[in-house]
Amino acid sequence: MIDSKTRLPIDLKTRPLVLIFILMALGLISASYIGVNKSLINATKILVILLNLIGLYSYRRRLKWRRSIIYILIFLLSFIYLQQLELGWENEELGKVIGEEVSLRAKVVDVEVNDRGIEYLIEDIMVGDLMSKRRVLVSNWDGEKELSYGDIVEIDTQLRLAPTKTNPGSFSYRDYLKGENIYARANISRDRGLRVLANEGGIISKSIRELRRRMEISIDDYFLSPYSDILKALLLGRGNLPQDINDNFRELGLSHILVISGFHMGLISYFIALICKWLKLSKALTLLITISTLFFYLGLTGFGLSSVRAVILITLILIANYLGRRIDLYNILAGAGIIILLIAPYSLFKVSFQLSFIAVLSIAYLSPVIEKVLPIKKGKVKKILVATTAAQLGLLPVLAYYFYEVSFLGIVANPIIMPLVSVLIWLALPFLILATISFPFLAGILAFLMRGILVFVLELVNLLASNFSLSLLIGRPNILLIILYYLIIYYISKLLRPVVIPYAKDYSRYNKVLIASVILFLIVQFGFTFNRDLKLVFFDVGNGDAIYFETPNGRRGLIDAGVYGREVVSYLRSRGVRSLDFVFISHFHLDHAGGIVEVLDEFEVDKLFYPPTLIANQLEDTVLELALDREVSIYELIGGDKLKVDPIKINVLGPTYPLIQDSAANNNSLVFRFNYGDFKVLFTGDLELEGERRVLKEYEDYDLASTLLKVGHHGSVTSTSEKFLSSVGPKLAVIQVGDNTYGHPSPLVISNLKASGAKVLRNDQDGAITVFSDGRSYRYKTFK
Amino acid sequence: MLWEGLLNLFYPEGVSCSICGDEIGDVEIDLCKNCIGEIEFIKDSFCEKCGKILSDANKSLCSDCRRKDHYFVKGRSVGVYEKGLKEYIYLFKYNRYRNLAAPLGDLMGIYIDRFFSRRDFDLITYIPSHQERIRERGFNQARLLANRVGERLNLESKGLLKRRSETIKQSKLARAERIENIKGKFILKDGILVKDKSILLVDDIYTTGATVNEASKVFLDKGADKIQVITLATGRDVE
């Protein structure tokens, strides 16, 4: 084939590690995707042994395909590697004491003070005779005890597993912690039940931490917050930046500037090279000093993934220079990736790993092309502009996947901010050393200059962030779309690459692939909007209600939003939704309407519907005031009102006047029914028995029969009377319920529902529940 | 051993330029950008029949092809037989530069993709050289080039022709003598059938076209369907 001779980035001869990295990554991804399967692990192990034998034979015989066996083995071994780790995670000893009151003994490895108290990371955990190598994150609410590294502590507490992902568009905190080898969380408050027994910290680890603490203190001596916070992030990798600064930097596409990266490492190597040259040290010694300093700095800053990547990359380059070997960037980048995945395979699934590697890759691959296309003369600004554009293009799908929005301001902001921050780091590294070893005069001069830059940068960032907004909420793209995007970028850059040999590029073939990819991209992106389904999502918001609906004509709405609204917000953002046509509030209780505040803040809402209330309510005032402030049209609905959202008719059944006095908020919940052909959904809010009786009485001859019943009041025993149930006769009953102390849902209600022939779905057991209907039939999907 | 292996994994020897030995960058063939830059490629104003570069860009045929037709259907050539390409073909004659077959063959492959249809060929063959010269040199350049082209087209190149008897080296003769000298010099090898076949004929240099023309005639006489010619270098058209 013709392409066998064009050198691809995966060229085996000049870049052997690239394929190995890809195979490792594929092995890890498939292992994570398939999930733990013991018999699969055993089968794979047998396969590996067999392949070893075949490989041995084929190498002795020098068979043609002997290399392929090695590649298959790399894939399978990575697969087994992750499966074993997952298995260990499932069989974790600490799992036996989850939820129990225990007294555990452990070693403190990290301490972080925040505005809610102090958090300790502990390991080497012993509970009775259980021992674990995992870590546990302990939150000490309003605590004051600042433990230090190596402290052996005894804590009386209860271990809890972090929540997993139970809603579409949300993220799994448990998986995040797993990536940090943290098995569980625990809470204590005000230092209660926390005893320090001894200290067993190793001398090296302790002195590194002590040095870091001293450095932080010297930064605090010379700078005020937030400048000191920025410097700590920039120099020591401490991530406690004020939220608004973080947001501003992200909005401008400048987050990478606040991370320790290749620039720092390059600068350190450069300083050391200068000093060693001045001292006339040998090349070998210089190499040794540089590498050990870099690793020391890595330890000092807590092994952030992008700095680990940078250090490995620079180390590989320095070794190559020392040995006089050729460097292929793609190959050593893959090498760095392989090293990281061998040590910490979960890194592959971390955002920082993906961002860091894809950024370097895009800059390397796309820069020559962009440089050719950009109509600017050479210069430093052009260089940064080219690199930022390249990184931006390469990172776009990843950013959209994780943050749902992309910012184009980065292309403008980087060429301005980056040189300033580079100068800042130039000054800051010597400052840090001088200030820590007490050279107040020189440190003071440097600090003066740094302060100037910091103030300027921060003001500029604020100015840009508050006046320009070029960030675009596009939602989470699906994987096929991401692959197509990269294909398109790859082929465009191939077409734009400078020509050396005439006709070497098969333009017609590239064009064909390119056009096919673009068409497919458009189909995947826009092609599926022709569905005629009504879609309902019942979110898992703990003990509370939150329902999203999307009509066949693409109108969108919410019915309640839980206490905080964050599940709803992150789902809508992941779908790229910026506005809502309707918001219904069943009644003004926190577990239903609390999240509406967040929703009104985040989205452009057109119409808001709510029931009349008997008693004044603080939440009602807040919500309605905010709604008016945001120019949302608000409507009070009562029984008998009719709305039409083509092709869906909405009948409001309650509340009716006079409003019910008993348990007023609940009993006067907005009760309404969606009618979409034969598919009918009854929403009841927290309606109780009294309210149900009213509905039954008012609508005696009105057919209450519904396909789906949103069971009233989280399945409470005070709702869903047998009479009401028999009038509604649902096929599907959804109970929006979570952890609570009220005894929701009532076993009696559940057995009544089941006896009536309804399929019972519960958010606490099923996670989010999605229901689709075309007006005739329906189907549902549970998220767990 | 293990150390050496690791070093080779992390820092593999790159592909170096077959001419100057420099490391090559992002180029499709085994030559560096500088050495490729020395080649004068034929891009526009070439003879539509034989591929020779034209002195008068307004014409579509070179003076030769205007004078008389050839037995082959179409001929194309990669570059002008001057400067870089002349030097490379000269070097290619020596065993030490035998591996030039790869980049030079790839150049021909690229031109084949551009000017011919890949599915158009049933057979790939080359002009045989003198037994004596093979003895001198150890190999036939045209055969190496044809092999490389064949690899790219997934079609095995085969030696279909042999020389009838010793002919005098073409380059030592004048134009009229050349045509005379070559006449009846090729015959089909025994047991080779070319009836209704479409043949790609590979040679290194195209000057008057006498050699490839004579070979084409042999094939056509035996019933071949059509002959197309690819050469590495050609001269300029002289009026």
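Analysis parameters
- Residues numbered from 1 in each chain as written.
- Chains lettered and ligands numbered in written order.
- Predicted model: local features only at pLDDT ≥ 70, side-chain atom pairs only at ≥ 80, totals over all residues.
- Heavy atoms only, no water.
- Helix = DSSP H or I, 4+ residues; strand = E, 2+ residues; numbered from the N terminus.
- Contact = heavy atoms within 4.5 Å.
- Phe/Tyr/Trp six-rings, centres within 6.5 Å; stacked < 30°, edge-to-face > 60°.
- Buried < 20%, exposed > 50% of the residue type's maximum accessible area, 1.4 Å probe, protein only.
- Buried area = accessible area lost by both parts, 1.4 Å probe.
- Salt bridge = Lys/Arg side-chain N within 4 Å of Asp/Glu carboxyl O.
- Polar contact = N/O pair within 3.5 Å; in protein donor to acceptor, adjacent residues only side chain to side chain.
- Nonpolar A, V, L, I, M, F, W, Y, C, P; charged D, E, K, R; others polar.
- Domains from an automatic or database assignment.
- Axes fitted to C-alpha atoms, helices over the stretch in contact; angles between N-to-C directions.
- Parallel < 35°, antiparallel > 145°, perpendicular 65-115°, else oblique.
- Left-handed = near helix turned anticlockwise from the far one by under 90°.
- Patch = residues over 30% accessible without salt bridge, like charges linked within 9 Å, V, L, I, M, F, W, Y side chains within 5 Å.
- Areas by Shrake-Rupley, 256 points an atom, 1.4 Å probe, with all protein chains shown as cover.
- Lys, Arg positive; Asp, Glu negative; His and termini not counted.
- Charge placed at Lys NZ, Arg CZ, Asp CG, Glu CD.
- Core = buried A, V, L, I, M, F, W, Y, C linked by side-chain atoms within 4.5 Å.
- Expected span 1.5 Å × (residues − 1).
- Arc of directions from axis to C-beta.
- Pairing = 2+ DSSP bridges.
- pLDDT = per-residue confidence, 0-100.

You can see Ser18 of chain B is positioned in the loop between helix H1 (2-10) and helix H2 (33-37). Sequence-distant contacts of Ser18 of chain B, defined by excluding residues within four places in its chain, comprise Asp30, Leu31, Tyr97, Asn99, Leu100 and Pro103 of chain B.

Residue and element names in this part refer to chain A. Taken as a whole, this structure holds 37 aromatic pairs over all chains when the rule is applied. Between Tyr485 and Tyr486, the ring centres sit 5.6 Å apart and the planes meet at 75°, which makes this aromatic pair edge-to-face. For Tyr485, a relative accessible area of 14% puts it in the buried group. Pairing Phe549 with Phe674 gives two aromatic rings, centres 4.9 Å apart and planes at 90°, and the pair type is edge-to-face. Note that Phe549 is positioned in strand E11 (residues 546-550) and Phe674 in strand E18 (residues 671-676), a separation of 125 residues in sequence. Judged by relative accessible area, which is 1%, Phe549 ranks as buried.

Our next topic: the environment of Arg190 of chain A. All names here are of chain A. Residue position: Arg190 is located in the loop between strand E6 (182-189) and strand E7 (194-199). The spacing of Arg190 and Ala616 is 426 residues in sequence and 37 Å in space, taken between C-alpha atoms. The residues touching Arg190, leaving out its near neighbours within four places in the chain, are Asn140, Trp141, Asp142 and Gly143.

In this complex, chain B contributes 34 residues to the contact, which on the side of chain A involves 26 residues. With both sides pooled, the region where chain B packs onto chain A buries about 2,900 Å², and carbon together with sulfur makes up 60% of that total. Contact with chain A buries surface across chain B, with Phe10, Tyr11 and Glu28 of chain B losing the most and accounting together for 27% of the total. The interface formed by chain B and chain A holds one salt bridge in total. Between Arg325 of chain A and Glu4 of chain B there is a salt bridge, and its shortest N-O distance comes to 3.9 Å. Between chain B and chain A we count seven residue pairs in polar contact (both at pLDDT 80 or more) in total. Secondary-structure elements contributing two or more residues to the side of chain B that touches chain A are H1, H2, helix H5 (101-115) and helix H7 (141-153) of chain B. Sort the elements by how many residues they give to the side of chain B that touches chain A and H5 of chain B lands first, with seven residues. Grouping the constituent residues of the side of chain B that touches chain A by class yields 16 nonpolar, four polar and 14 charged.

Here we take up the domain arrangement of chain B. All names here are of chain B. Each assigned domain of chain B is listed here: domain 1 (1-37) and domain 2 (42-234). Measuring from the centre of the C-alpha atoms in domain 1 to the corresponding centre in domain 2 gives 31 Å. In this assembly, six residues from domain 1 lie in contact with nine residues from domain 2. Counting the surface lost from both domain 1 and domain 2, the interface buries some 700 Å², and carbon and sulfur atoms represent 71% of this. Three residues stand out in domain 1 for area buried against domain 2, namely Ser18, Ile19 and Ile29, and they jointly supply 66% of the buried area on that side. Between the two partners, domain 1 and domain 2, sit zero salt bridges. Of the residues that constitute the side of domain 1 that touches domain 2, the class distribution is four nonpolar, one polar and one charged.

So, about the packing of helix H14 (residues 410-436) of chain A against helix H15 (residues 440-467) of chain A. Residue and element names in this part refer to chain A. Look at H14 against H15: their axes get within 9 Å of each other, and the N-to-C directions meet at 155°. With respect to their mutual orientation, H14 and H15 come out roughly antiparallel. Note that H14 runs across H15; the crossing there is left-handed. Classifying every residue of the contact of H14 with H15 by side-chain character gives 25 nonpolar, no polar and no charged.

Another point: a positive patch on the surface. Residue and element names in this part refer to chain B. A cluster of basic residues, Arg98, Arg143, Lys162 and Lys189, forms a positive patch on the protein surface. Locating Arg143 in the fold gives a position in helix H7. On the accessibility criterion, Arg143 (34% relative accessible area) is partly exposed.

Another point: a negative patch on the surface. A cluster of acidic residues, Asp621, Glu625, Asp629 and Glu631 of chain A, forms a negative patch at the surface. By secondary structure assignment, the location of Asp621 of chain A is in helix H21 (residues 618-629).

Attention now goes to the nonpolar core. The tendency in soluble globular proteins is for nonpolar side chains to be buried as a group. Counting residues in each nonpolar core, the largest one holds 111 residues, and the members touching the most others are Phe223, Phe249, Met265, Phe431 and Met450 of chain A. Discounting residues that sit within four places of it in the chain, Phe431 of chain A has contacts with Ser218, Ile219, Tyr222, Phe223, Ala443, Leu446, Ala447 and Met450 of chain A. Val27, Met108, Phe116 and Phe139 of chain B belong to the second largest nonpolar core, which has 50 residues in total.

With that settled, the discussion passes to the environment of Asp106 of chain B. Residue and element names in this part refer to chain B. By secondary structure assignment, the location of Asp106 is in helix H5. Taking relative accessible area as the criterion, Asp106 reaches 0% and is therefore assigned buried. A polar atom in the side chain of Asp106 sits 2.9 Å from the side chain of Arg148.

Another point: the packing of helix H11 (residues 329-343) of chain A against helix H12 (residues 351-373) of chain A. Residues and elements named next belong to chain A. It is the contact of H11 with H12, at a shortest axis distance of 11 Å, that shows an interaxial angle of 170°. Accordingly, the angle class assigned to the pair H11 and H12 is roughly antiparallel. Residues Leu329, Tyr330, Leu333, Ala336, Gly337, Ile340 and Leu341 of H11 touch H12, and the partners they reach there are Phe353, Phe357, Val360, Leu361, Ala364 and Tyr365. Taken together, the residues that form the contact of H11 with H12 break down as twelve nonpolar, one polar and no charged.

All names here are of chain B. Counted by the stated rule, this structure contains 38 salt bridges over all chains. Glu151 is the salt-bridge partner of Arg148, the closest N and O atoms lying 3.8 Å from each other. With a gap of three residues between them, Arg148 and Glu151 both fall in helix H7, about one helical turn apart. Accessibility expressed as a relative area gives 15% for Arg148, which makes it buried. What you see here is one network of salt bridges that share partners, running through Asp106, Asp113, Arg118, Arg148, Glu151 and Arg152.

This next bit is on H21 of chain A. Residues and elements named next belong to chain A. With twelve residues, H21 extends 17 Å from end C-alpha to end C-alpha; this agrees with the ideal 16 Å at 1.5 Å per step. Along H21, the residues classified as buried are Leu619, Glu620, Val623, Leu624, Leu626 and Ala627. The arc enclosing the buried residues of H21, seen along the axis, measures out at 160°, which places them on a common side. Facing away from the buried side of H21 by over 90 degrees, the exposed positions are Gln618, Glu625, Leu628 and Asp629. Residues of H21 that are buried make contact with helix H19 (590-593), helix H20 (596-602), strand E14 (604-610) and strand E15 (633-636). Measuring from the backbone nitrogen of Leu619 back to the side-chain oxygen at the start of H21 gives 2.7 Å, which picks out Asn617 as the cap.

The next point concerns the sheet that holds strand E2 (residues 123-126) of chain B. Within a sheet, each strand pairs with its neighbour through backbone hydrogen bonds, oriented either parallel or antiparallel. Residues and elements named next belong to chain B. Here four strands make up an open sheet; going across it, the order is E1-E6-E5-E2 and the pairing parallel. Lying at the two open borders of the sheet, with one neighbouring strand each, are strand E1 (74-80) and E2. Going from strand to strand, the sheet's axes swing by 20° on average, the running direction of each strand aside. Bridging between E1 and strand E6 (residues 226-234) involves six bridges; their strand directions are parallel. Directly across from Lys74, in E6, lies its bridge partner Gln228.

Residue and element names in this part refer to chain B. When pLDDT is averaged along chain B, the result is 86, and 97% of the positions lie at 70 or above. Least confident of the elements in chain B is helix H8 (residues 175-182), whose mean pLDDT is 73; most confident is E6, at 94. Both confidence scores are given for the complex: pTM 0.85, ipTM 0.78.

Our focus in this paragraph is the sheet that holds strand E12 (residues 556-561) of chain A. Residues and elements named next belong to chain A. Ordered in space as E15-E14-E13-E12-E11-E10-E23-E24, the eight strands form an open sheet in which the pairing is mixed. The sheet is open, and its two edges are formed by E15 and strand E24 (778-782), each paired on a single side. Across the sheet, the mean angle separating the axes of adjacent strands is 15° when strand polarity is ignored. Here strand E10 (residues 534-538) runs beside strand E23 (residues 769-773); their pairing, made up of five bridges, is antiparallel. Residue pairing across strands places Leu534 opposite Ser773, the latter belonging to E23. Across the sheet, helix H18 (residues 566-574) touches E10, E11, E12 and strand E13 (579-584), and the angle it forms with E11 is around 25°. In the packing of H21 onto the sheet, the strands contacted are E14 and E15, and the crossing angle to E14 comes to about 140°.

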